[in-house]
Amino acid sequence: MSGAETEPSVDVAIIGLGPTGAVLANILGAAGARVAVFDREPAPLNLPRAVHFDGEVMRVFQSIGLADEILKVIRLSRGVRYYSASGELLMERRPPAVEGTHIWTDKNMFHQPDLEQVLRQGVERYPTVDVRALHEVLSVDDQEAGAALDVRDLATGEVTTWRASWVVGSDGGRSLLRRTIGSELEDFGLHDPWLVVDIELLDDVELPDCTVQYCDPARPTTYVHVTGNRRRWEFKILPDDDMDTFTSDENVWSLLSRWVAPGQAVLVRHAVYTFHALIAEKWREGRLLLAGDSAHQTPPFLGQGMCTGIRDAANLGWKLALVSQGADSALLDTYESERRPHSHVFIQTAARLGGIIQTTDPAKAAERDAQMLAGGTIDFRDPAPPLGPGLHDGGAFGGRIEGQPRLSTGEPLDEVVGSRFAVLATSRIAGAPALSERAAETGAVWLQDPALDAWLEQRGVQALVLRPDRYVLGGATDAVELAALLDMVPRTPMGTHVKA
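**Quick word on the sheet that holds strand β21 (residues 445-448)**
Spatially, the four strands line up as an open sheet ordered β21-β20-β22-β23, and their pairing is mixed. Taken across any chain shown, the strands that pair with only one partner, and hence form the sheet edges, are β21 and β23 (472-476). Across the sheet, the axes of successive neighbouring strands diverge by a mean angle of 15 degrees, strand direction being ignored. In terms of strand pairing, strand β20 (residues 422-425) meets strand β22 (residues 463-466) through four bridges, oriented antiparallel. Opposite A422, over in β22, you have L466 as the bridge partner. Strand contacts of helix α13 (residues 450-458): β20, β21 and β22, with the helix running at about 85 degrees to β20, the strand carrying the most contacts. Against the sheet, helix α14 (residues 479-486) contacts β20, β21, β22 and β23, and its axis sits at roughly 160 degrees relative to β23.

**A short note on the pattern of salt bridges**
A side chain of one charge can pair with a side chain of the opposite charge if their charged atoms are brought near each other. Summed over all chains, the structure comprises 30 salt bridges. In this structure, E338 and R467 form a salt bridge, with 2.7 Å as the shortest nitrogen-oxygen distance. You can see E338 sitting in helix α9 (residues 333-357) and its partner R467 sitting in the loop between β22 and β23, a full 129 residues away along the chain. With relative accessibility at 0%, the residue E338 sits in the buried group.

**Let's talk about the sheet that holds strand β3 (residues 52-53)**
With respect to topology, three strands assemble into an open sheet ordered β3-β7-β4, the strand pairing being antiparallel. What marks the edges here is a single partner per strand, and that holds for β3 and β4 (74-76). Summarising the sheet, β3 and strand β7 (residues 108-110) pair through two bridges and their orientation is antiparallel. Across the sheet, the residue bridging to H52 is M109, located in β7.

**With respect to a nonpolar patch on the surface**
A surface patch of nonpolar side chains, about 230 Å² in accessible area, is lined by L202, V266 and V268. As for its position among the elements, L202 is in the loop between β12 (185-201) and β13 (211-215). When its relative accessible area of 53% is taken as the criterion, L202 is described as exposed.

**Brief notes about the packing of aromatic side chains**
Counted by the stated rule, this structure contains 13 aromatic pairs. Geometrically, the ring pair formed by F53 and F61 is edge-to-face, given 5.2 Å between the ring centres and 85 degrees between the ring planes. Centroid distance Y83 to Y214: 6.2 Å. Interplanar angle 20 degrees. Geometry classified as stacked. Note that Y83 is positioned in strand β5 (residues 80-84) and Y214 in strand β13, a separation of 131 residues in sequence. Judged on exposure class, the residue Y83 and its partner Y214 are both buried. Here the aromatic cluster, defined as three or more aromatic residues joined through ring pairs, consists of Y83, Y214, Y223, W233, F235 and W259. We note R311 situated over the ring of F346; from NZ or CZ to the ring centre the distance is 4.6 Å. We note R459 situated over the ring of W455; from NZ or CZ to the ring centre the distance is 4.0 Å.

Definitions and cut-offs
- Residues numbered from 1 in each chain as written.
- Predicted model: local features only at pLDDT ≥ 70, side-chain atom pairs only at ≥ 80, totals over all residues.
- Heavy atoms only, no water.
- Pairing = 2+ DSSP bridges.
- Helix = DSSP H or I, 4+ residues; strand = E, 2+ residues; numbered from the N terminus.
- Axes fitted to C-alpha atoms, helices over the stretch in contact; angles between N-to-C directions.
- Contact = heavy atoms within 4.5 Å.
- Salt bridge = Lys/Arg side-chain N within 4 Å of Asp/Glu carboxyl O.
- Buried < 20%, exposed > 50% of the residue type's maximum accessible area, 1.4 Å probe, protein only.
- Patch = residues over 30% accessible without salt bridge, like charges linked within 9 Å, V, L, I, M, F, W, Y side chains within 5 Å.
- Areas by Shrake-Rupley, 256 points an atom, 1.4 Å probe, with all protein chains shown as cover.
- Phe/Tyr/Trp six-rings, centres within 6.5 Å; stacked < 30°, edge-to-face > 60°.
- Lys NZ or Arg CZ within 6 Å of the ring centre and 35° of its normal.

Okay, here's the thing in structure tokens:
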């Protein structure tokens, strides 16, 4: 390392302040961890990219205290329609316009610059989080006493060495940290170029209020109603397309002419994206960890790319916070073991659906259309896999996320228990006083509420132990099983864990 000056050390250095890095910074800031965040850009990129997140991700935003602000910049998705080349409606998936299992709507549309602004404003609440915009991490050296990062201030050219106990690379598909770790990518074989076109409407134009998949083998196309007057089209690029002319403004307007004319809208941007389906073989090496697009790249056919990164941050954040408070660093071994198999399912499902939706083979398209019209076996539902092996009991509930019930007061569960381990117990569980005392020793919240009795008994348990990310540590049918679960809760030297 060649830094000219050494800065004080931090608990965690985060490379990249996109949605994954920003959520992670919020989680760690709320826990009081000392954090440095480095990002090459002076501000959030004012370009639309991701456009959808689900109810679980909204629950993460709730956990970092930003749900009310996020609600101001999103709209409820009106679902997805799938049309054949002849215009026949093959299938429609319309989400309910009511709260889902996490109490939030399950399909939400957004403009990424708006979302990132809210997340960054959230980070500003925490004096222990030092955000360095216009700073490029040049190299990372994992040393015995801590990682050392050479960081260049892009405004002055000055290079400074920072030291961190842990480094998280949420630095995108071309991740420096992934190269530093030497992690190869598992490739699912999807490398399809698409022209992505974003516009802003100037006039009232009659367009679908939902997302539309035009399953036309002549040119598969996606239309998205984002927010406000923002609309997006994605056109599959075919082998015979002339790339010298295909991305010209003239051709873009020609592609859009079926829906909108130049006088009715302005082009915000149009760019060629290659949709990949990739996952890093290794997510951790010593003090260095990957999250978000540095760890995986998901094609857009499920709308789960950003969601998968947010789940990384939610899983890793509380673990880093605990380790920073003195818990055994072996806890971080559970990050990759839990998240990689979980992410793998989403990527694999998105790649499979992409292959169905974007086929350019007329015979395969006709077979698909017939199957969809007949209500066949093509499954377009979002997967709900458990976490891989890690900090849970591996039972019927362990490693799965449960919904967020409302308590008898009407309050959502997470508003009451905060970002801590929580024991939800029926009023009839034996030995409650001793068990609640034992839970308190671990720093876990003990909660018994009349509304939880039926909720738990529907699941066939007397208690569930929830982790700070709201995935289930395990379920218990009696006091003995619950005591065993409490023994699994990680401890710090003070016997407490992540701050609420």
